[in-house]
There are 2 protein chains.
Amino acid sequence: MSASKKPQLIEKALIAFNKGGYQAVGMDRLAKETQTSKTSIYKHFATKDDLIIAVLDHRDEKFRNWFVRRLEELANTPKDQLLAVFDVIDEWFKEEDFKSCMFIRASCEYPDADHPVHQATKRHKRLLLTHVTGLAEQAGTKDPGALARQILMLKEGAILAAHIEGPNGVAANAKSAAKLLVEDATA
Amino acid sequence: MSASKKPQLIEKALIAFNKGGYQAVGMDRLAKETQTSKTSIYKHFATKDDLIIAVLDHRDEKFRNWFVRRLEELANTPKDQLLAVFDVIDEWFKEEDFKSCMFIRASCEYPDADHPVHQATKRHKRLLLTHVTGLAEQAGTKDPGALARQILMLKEGAILAAHIEGPNGVAANAKSAAKLLVEDATA
DNA sequence: TTTGACATTTACCGATCGGTTAATGTGTCA
DNA sequence: TGACACATTAACCGATCGGTAAATGTCAAA
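Cut-offs and rules
- In every chain, residue numbers begin from 1 and rise along the written sequence.
- As they are written, the chains are lettered A onward and the ligands numbered 1 onward, keeping that order.
- With the structure being a predicted model, the display of local features is reserved for residues of pLDDT at least 70 and the display and counting of side-chain atom pairs for 80 or more, all residues being used for whole-chain, interface and lining totals.
- The basis for every side-chain value is the complete set of non-hydrogen atoms in the structure, without hydrogens or water.
- Grid spacing is 1 Å over the protein atoms alone, the probe is 1.4 Å, and a cavity is where that probe fits but cannot get out, while a pocket is an open set with protein on both sides within 12 Å along at least five of seven lines and lining residues have an atom within 4 Å of a point.
- Grid points are joined across faces, edges and corners, and a volume is the space filled by probe spheres set on the points.
- To qualify as a helix, a DSSP run of H or I must reach at least 4 residues; to qualify as a strand, a run of E must reach at least 2; elements of each kind are numbered from the N terminus.
- Under the scheme applied here, ten amino acids are nonpolar (Ala, Val, Leu, Ile, Met, Phe, Trp, Tyr, Cys and Pro), four are charged (Asp, Glu, Lys and Arg), and all others, including Gly, are polar.
- Any two residues having at least one pair of non-hydrogen atoms within 4.5 Å are treated as being in contact.
- Buried area, as used here, totals the accessible surface that two parts lose on assembly, with accessibility defined by a 1.4 Å probe and the loss added over both.
- Salt-bridge detection follows one rule: a side-chain nitrogen of Lys or Arg within 4 Å of a carboxyl oxygen of Asp or Glu.
- When the copies are superposed, the least-squares fit draws on C-alpha atoms of residues that have pLDDT of at least 70 in both.
- For every residue, the accessible area obtained with a 1.4 Å probe (protein chains only) is divided by the maximum for its type, and the residue is called buried under 20%, exposed over 50%, and partly exposed between those limits.
- Think of it this way: a Phe, Tyr or Trp ring, Trp meaning its six-membered ring, pairs with another when their centres are within 6.5 Å, and the plane angle makes it stacked under 30 degrees, edge-to-face over 60, tilted otherwise.
- Interaxial angles span 0 to 180 degrees and are taken between N-to-C directions of axes, which are lines fitted to C-alpha atoms, for helices over the stretch in contact.
- When the near helix sits turned anticlockwise from the far one by under a right angle, the crossing is termed left-handed; a clockwise turn instead gives a right-handed crossing.

(A) Geometry of empty space enclosed by the protein. This model, assessed by the stated rule, comprises two cavities of 30 Å³ or more. Reported here for the largest cavity is a volume of approximately 50 Å³. What lines the largest cavity is simply Arg59, Phe63, Trp92, Cys101, Met102, Phe103, His124 and Lys155 of chain A. Listed by contribution, the elements that provide at least two residues to the lining of the largest cavity are helix 4 (48-74) and helix 6 (102-109) of chain A. Estimates place the volume of the second largest cavity at around 40 Å³. Around the second largest cavity sit Arg59, Phe63, Trp92, Cys101, Met102, Phe103 and His124 of chain B, which together line it. Taken together, the elements giving at least two residues each to the lining of the second largest cavity come down to helix 4 (48-74) and helix 6 (102-109) of chain B. Here the lining of the second largest cavity is built from residues that sort into five nonpolar, one polar and one charged.

(B) Broad picture of the side chain of aspartate 60 of chain B. For aspartate 60 of chain B, the location among the structural elements is in helix 4. Residues in contact with aspartate 60 of chain B, not counting those within four places in the same chain, are Phe103, His124 and Leu127 of chain B.

(C) Broad picture of the interface of chain B and chain A. If you look at the interface, chain B gives 35 residues, while chain A gives 35 residues. For the pair chain B and chain A, the summed buried surface comes to about 3,200 Å²; carbon and sulfur atoms form 63% of the total. At the junction of chain B with chain A, the criterion picks out four salt bridges. Residue lysine 99 of chain B pairs with aspartate 112 of chain A through a salt bridge whose shortest N-O separation is 3.4 Å. Counting only elements with at least two residues in the side of chain B that touches chain A, the list comes to helix 6, helix 7 (116-138), helix 8 (144-165) and helix 9 (170-186) of chain B. At twelve residues, helix 8 of chain B tops the list of elements feeding residues into the side of chain B that touches chain A.

(D) Looking closely at the environment of lysine 122 of chain A. In this fold, lysine 122 of chain A is placed in helix 7 (residues 116-138). Along the backbone, lysine 122 of chain A and aspartate 143 of chain A are 21 residues apart, and their C-alpha atoms lie at a distance of 22 Å. Setting aside residues up to four positions removed in sequence, lysine 122 of chain A forms contacts with Ile164 and Glu165 of chain B.

(E) Geometry of the relation of the copies chain B and chain A. When chain B is brought onto chain A, the operation consists of a screw motion whose angular component is 180° and whose axial shift is 0.0 Å, with 0.0 Å RMSD remaining. Such a combination of rotation and displacement between the chain copies is what one expects of a two-fold axis. If distances are taken from each C-alpha of chain B to the rotation axis, the shortest is found for glycine 157 of chain B, at 2.2 Å. Here 100% of the contact residues of chain B are again contact residues in chain A; the copies associate through an equivalent surface.

(F) Structural detail: the side chain of serine 100 of chain B. Residue and element names in this part refer to chain B. You can see serine 100 is positioned in the loop between helix 5 (78-93) and helix 6. Classification of serine 100 by relative accessible area gives buried; the value is 3%. Setting aside residues up to four positions removed in sequence, serine 100 forms contacts with Trp92, Arg105, Ile159, Leu160 and His163.

(G) Spotlight on the packing of aromatic side chains. Residue and element names in this part refer to chain B. Going through the model one piece at a time under the given rule, you end up with 16 aromatic pairs over all chains. Aromatic pair tyrosine 22 and tyrosine 110: ring centres 6.5 Å apart, planes at 65°, arrangement edge-to-face. Remark: tyrosine 110 occurs in the loop between helix 6 and helix 7 and tyrosine 22 occurs in the loop between helix 1 (6-20) and helix 2 (27-34); sequence separation between them is 88 residues. Residue tyrosine 22 shares its accessibility class with tyrosine 110, and that shared class is buried.

(H) Focus on helix 6 of chain B. Of all eight residues that make up helix 6 of chain B, eight are buried, and the element is covered over most of its length. Listed in full, the buried residues belonging to helix 6 of chain B are Met102, Phe103, Ile104, Arg105, Ala106, Ser107, Cys108 and Glu109 of chain B. On its buried face, helix 6 of chain B is in contact with helix 6 and helix 8 (144-165) of chain A together with helix 1, helix 4, helix 7 and helix 8 of chain B.

(I) Summary view of unusual backbone geometry. Residues and elements named next belong to chain A. The backbone of glutamine 35 sits at a positive phi, close to 50°, despite the residue not being glycine. Along the chain, glutamine 35 falls in the loop between helix 2 (27-34) and helix 3 (38-44). Classification of glutamine 35 by relative accessible area gives exposed; the value is 62%. Positive phi, normally seen in glycine, also occurs at serine 100, with a value near 65°.

(J) Spatial organisation of the packing of helix 6 of chain B against helix 7 of chain B. All names here are of chain B. Put simply, helix 6 and helix 7 touch, their axes get as near as 8 Å, and they point 145° apart. The handedness of the crossing between helix 6 and helix 7 comes out as left-handed. On the side of helix 6, the interface is formed by Phe103, Ile104, Ala106 and Ser107, while helix 7 contributes Val117, His118, Ala120, Thr121, His124 and Lys125. The residue makeup of the contact of helix 6 with helix 7, split by class, is five nonpolar, four polar and one charged.

This is the structure:
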């Protein structure tokens, strides 16, 4: 495999892990589904964990790019973007292959805080928090850090609810909660 | 193993799964940590999944009993109990072996909705929702079902945050959000 | 003391785990 | 055409997976 095919490998591995889970998908199955020999995979990644981390870092970039762009497409002001968070995740929940958040699932499969896979989740969540905190600051809210964390708690609770009970009404209900929080913080 | 030791087996298996994860802990390791031979384990449970489900159902009972009792110890009115949710989970977050919620982790390791382990999570979350909805009704809130779901979304978002970033300030921040929701719903 | 029922241990099953080694293309420059 | 570098394949490694069969221990009734 040429180096130029590495991104395609990551992309296919992402789909496989999202469908089957990190531990449940073994390297043999991964080789099959990515149409790449195990030897070629191990040319690019020293261990399975390294591949998982590459997949997560790729997912982080792709997801945040999409997420922020959709926020900006749906809302003009920072305040409205804080609420648009829940319209954007509603789109996500209704995707065919939605199976919760790949980072949440990673932190559940690798629960020890010092595990490198767990830390990839930490990075992603911190970057999201930074962005939302920025929005809360621009919106002129009382305590931007606290508000951002509250909104992200609603977002992640909504992800779990949508995964376990199905997406119907989940995002809308979280949004109406967020509306109260944002209103109070801008009063 | 006599039938009377089955509860002890479940209890020890719970500890092992909580520490190591459902897939990562194999039956051999489980036999070692529970001081029970594999054959004896399979006398009581046909498959590993059956054991996991028994562990989760046991955890469901134990957790909800503790949770509801602590709510009642900390608050007298239904309205205050809705907020005490976050004081109780704060106690939980600070336990030494806190590693997120065993049901969330189960639904992440077995993400397919029709998997029997995933359904055990569904049962638990529904029973919790029933209780909290009851509190919201007794508190005379506008839309008890919606409020209960919002509070549980905050609770589960807080669980993830406490797991990934550590417990400091998480529950308190979620509580101040819940306070606004409850106030609005009782206005 | 022998027998029968049951609990427990040991050894084992084929499959798969993450990862490696050795052989086999395949294309490039001389 | 020959030789070298490199990409790719297939076969293989010991360990472990979930689960089972056969051997061993234990104890009570006859």
